[in-house]
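This is what each chain is made of:
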Amino acid sequence: MNNTFRFVLYITTLFAVNFSFAQRQKHNTIKIDSATAAQARATLNKLPADKFLKRSYNEGNRELPYRFLLPESDKQGTKYPLVIVLHNSTRIGNDNEKQLEPLSRIWIRDEIYKKYKCFVLAPQFSGRSSNYIVAKNGLLVSKPSDEVYSLLKLITDLQKEYTSIDAGRIYLVGYSMGGSTAQNMLSISPERFAGMVSVAAVPDFSNLEALNASNIWLIHGAKDTENLYEGSVTLFAKLKKNKKVIFTTYDELDHNNIAIPLLLDEAIPKWLFKQQR
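Position numbers for residues count from 1 along each chain, tracking the sequence in the order it is written. Two thresholds apply to this predicted model, a pLDDT of at least 70 for residue-level local features and 80 or more for giving and counting side-chain atom pairs, whereas whole-chain, interface and lining totals are computed over all residues. Water and hydrogen atoms play no part in the side-chain values, which are based on all heavy atoms of the structure.

Observations concerning the overall build of the chain
Of the regular secondary structure elements, the chain holds ten helices and eleven strands. For the chain, the spread of C-alpha atoms along the three principal axes comes to 50 × 45 × 35 Å. Burial classes follow relative accessibility: with a 1.4 Å probe on protein chains only, a residue under 20% of its type's maximum area counts as buried, one over 50% as exposed, and anything between as partly exposed. A burial count over the chain gives 55% of its 277 residues as buried. Residues are treated as being in contact if the distance between any of their heavy atoms lies within 4.5 Å. Within the chain, contacts between residues at least 6 apart in sequence are counted, and of these 75% link residues at least 24 apart. Only the protein chains shown count as cover for residues, with accessible areas throughout obtained via the Shrake-Rupley method and a probe of 1.4 Å. When the accessible surface of the chain is summed, it comes to about 12,100 Å², and 50% of that surface belongs to carbon and sulfur atoms. Only four residue types enter the tally: Lys and Arg on the positive side, Asp and Glu on the negative side, with His and both chain ends excluded. Where a charge lies is defined by one atom per residue type, namely NZ (Lys), CZ (Arg), CG (Asp) and CD (Glu). Measuring between centres, the 36 positive side-chain charges of the chain sit 5 Å from its 27 negative side-chain charges. Secondary structure elements are taken from DSSP: a helix is a run of H or I of four residues or more, a strand is a run of E of two residues or more, and numbering for both begins at the N terminus.

Here you go:
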């Protein structure tokens with residue numbers, strides 16, 4: 001049994017335990033060394049990204065580059081989910097390349113691409129998609145940029161262009177700034193999204209009523225000193241009415257390695273595909 005297989009088996013076991021208590025906060029104590037993190041990222045970065053179509057959306061004088069992945073087999077009469085993957089702040093730009101970070105590349109892993117058939121939208125923001133401000137309680141909170149509203153319009157246009165997109169299964173996934181943007185989008189337009197995975201985000205408390213009725217998976221590292229863990233702790237406490245929320249804490253992980261356990265596993269697709277609006 002090679003080391004990669006042992007790692008994936010261990011992660012799968014952890015998630016199996018976690019999902020048996022879906023309405024509670026769970027703590028995982030896995031440790032990730034730098035070599036394991038580098039190997040996981042390299043595995044995905046080596047995958048050819050040409051399955052992602054390179055496109056651009058124009059609204060007035062604003063251009064939003066994006067990559068778009070079609071389902072493995074788009075059969076007439078079949079509806080497929082749409083997954084929107086939102087990048088972190090290191091991927092800001094307009095080259096229509098950098099936004100394909102590891103969380104977007106899990107969808108082109110052969111076993112995921114064939115098993116979890118869906119559309120995947122990976123936009124690239126030219127500036128920060130979420131801006132952070134200090135709230136009255138001293139915590140950072142996230143506010144959406146104007147480009148986020150352009151993205152919402154793009155989603156509407158894609159639904160018109162691809163009628164096989166299932167309107168009841170549109171999902172949000174994001175890490176760091178992207179996780180914050182996912183929360184912004186769910187707060188702005190909760191009726192559009194069937195589920196959200198938000199990793200290491202700065203929270204959005206602006207529409208807690210909507211979030212309390214949404215399918216949400218919060219993931220954060222307790223050692224995160226960039227987007228502080230306390231933000232997710234506070235959001236989870238404010239969502240106590242939501243029996244569908246999951247909060248996974250990695251006690252030993254920080255901002256830079258929090259996504260590693262999610263990359264070579266099917267935990268995100270598996271959870272998302274169970275959610276419907």
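Describing helix H2 (residues 34-45)
Expected helix span is taken as 1.5 Å per residue step, with the number of steps being one fewer than the number of residues. Here H2 contains twelve residues, and its C-alpha end-to-end distance of 16 Å stays within 8% of the 16 Å for a straight helix at 1.5 Å per residue. If you check which residues of H2 are buried, you get Ala37, Ala40 and Leu44. Take H2 and look down its axis: the buried residues cluster within an arc of 65°, on one side only. Turned more than 90 degrees from where H2 packs its buried face, Ser34 and Ala35 sit exposed. By arc we mean the arc of the directions from the helix axis to the C-beta atoms, nothing more.

Regarding the pattern of salt bridges
Salt-bridge detection follows one rule: a side-chain nitrogen of Lys or Arg within 4 Å of a carboxyl oxygen of Asp or Glu. Summed over all chains, the structure comprises eleven salt bridges. Lys114 is the salt-bridge partner of Glu72, the closest N and O atoms lying 3.7 Å from each other. With Glu72 in the loop between strand E3 (62-69) and strand E4 (80-86) and Lys114 in helix H4 (residues 110-115), this residue pair connects regions lying 42 residues apart in the sequence. Overall, Lys114 belongs to the partly exposed group, its relative accessible area being 43%.

Considerations on the pairing of strand E7 (residues 140-144)
Strand pairing is defined by DSSP finding a minimum of two bridges between the two strands. Where strand E6 (residues 130-134) meets E7, five bridges bridge the pair, whose relative direction is antiparallel. Residue Ile133 lies in a different strand from E7, and its bridge partner there is Val141. If you look at the hairpin formed by E6 and E7, you'll find five residues sitting between the two strands, and Gly138 has a positive phi there, around 90°.

Quick look at the packing of aromatic side chains
What counts as a ring pair is set by centres within 6.5 Å for rings of Phe, Tyr and Trp (its six-membered ring), and what kind of pair is set by the plane angle: stacked under 30 degrees, edge-to-face over 60, tilted for all other angles. The full count for this structure, using the stated rule, is ten aromatic pairs. Here the aromatic rings of Tyr80 and Phe119 are separated by 6.3 Å at their centres, their planes lie at 80°, and the arrangement is edge-to-face. Taken as a pair, Tyr80 in strand E4 and Phe119 in strand E5 (residues 119-123) lie far apart in primary sequence, 39 residues in all. Taking the relative accessible area as the measure of exposure, Tyr80 reaches 5% and is therefore buried. Since its relative accessible area comes to 0%, Phe119 is described here as buried. Aromatic ring contacts, followed pair by pair, group Tyr66, Phe68, Tyr80, Phe119 and Tyr162 into a single cluster. Looking at Lys51, its charged tip hangs above the ring of Tyr113, at a distance of 5.2 Å from the centre. Criterion for a charge above a ring: Lys NZ or Arg CZ within 6 Å of the ring centre, and within 35 degrees of the ring normal.

Regarding the nonpolar core
To qualify as a nonpolar core, a set must consist of buried Ala, Val, Leu, Ile, Met, Phe, Trp, Tyr and Cys residues joined through side-chain atoms within 4.5 Å. Residues Val83, Trp107, Val197, Trp217, Ile268 and Leu272 are the most contacted members of the largest nonpolar core, which totals 43 residues. Here this core gets four residues from one element, more than from any other, and that element is helix H10 (residues 267-272).

Looking at unusual backbone geometry
With phi around 60°, Ser176 is a residue other than glycine that occupies positive phi space. Turning to its location among the elements, Ser176 is positioned in the loop between strand E8 (165-175) and helix H6 (177-188).

Things to note about the side chain of Asn184
In this structure, Asn184 sits in helix H6. Under the relative-accessibility criterion, Asn184 is labelled buried at 0%. If we skip the residues at most four places from it in the chain, Asn184 touches Ser129, Ser130, Ser142, Lys143, Pro144 and Asp204.

Structural notes on the confidence of the model for the chain
Of the residues in the chain, 91% reach a pLDDT of 70 or more, and the chain-wide mean stands at 92. Confidence of the predictor in every single residue is expressed as pLDDT, which spans 0 to 100. In the model, residues 1-23 has pLDDT below 50 throughout and makes 36 contacts with residues more than four positions away in sequence or in other chains.

Points about the packing of helix H5 (residues 146-161) against H6
Helix packing for two helices is described by the angle between their axes and how far apart those axes are. Close contact between H5 and H6 brings their axes to 11 Å; oriented N to C, the two are set at 65°. Classified by the angle between their axes, H5 and H6 sit roughly perpendicular to one another. The way H5 lies across H6 gives a crossing that is right-handed. In this structure, H5 uses Val148, Tyr149, Leu151, Leu152 and Ile155 to contact H6, whose residues at the interface are Thr181, Met185 and Ile188. Of the residues belonging to the contact of H5 with H6, the class tally is seven nonpolar, one polar and no charged. Under this scheme, a helix contributes an axis fitted over its contacting stretch, all axes are lines through C-alpha atoms, and angles between N-to-C directions fall in the 0 to 180 degree range. Oblique is the label for any angle not under 35 degrees, not over 145, and not in the 65 to 115 range, which are roughly parallel, roughly antiparallel and roughly perpendicular in turn. The handedness criterion is simple: a crossing whose near helix is rotated anticlockwise from the far helix by less than a right angle is left-handed, and one whose near helix is rotated clockwise is right-handed. Classification convention: Asp, Glu, Lys, Arg as charged; Ala, Val, Leu, Ile, Met, Phe, Trp, Tyr, Cys, Pro as nonpolar; all other residues, Gly among them, as polar.

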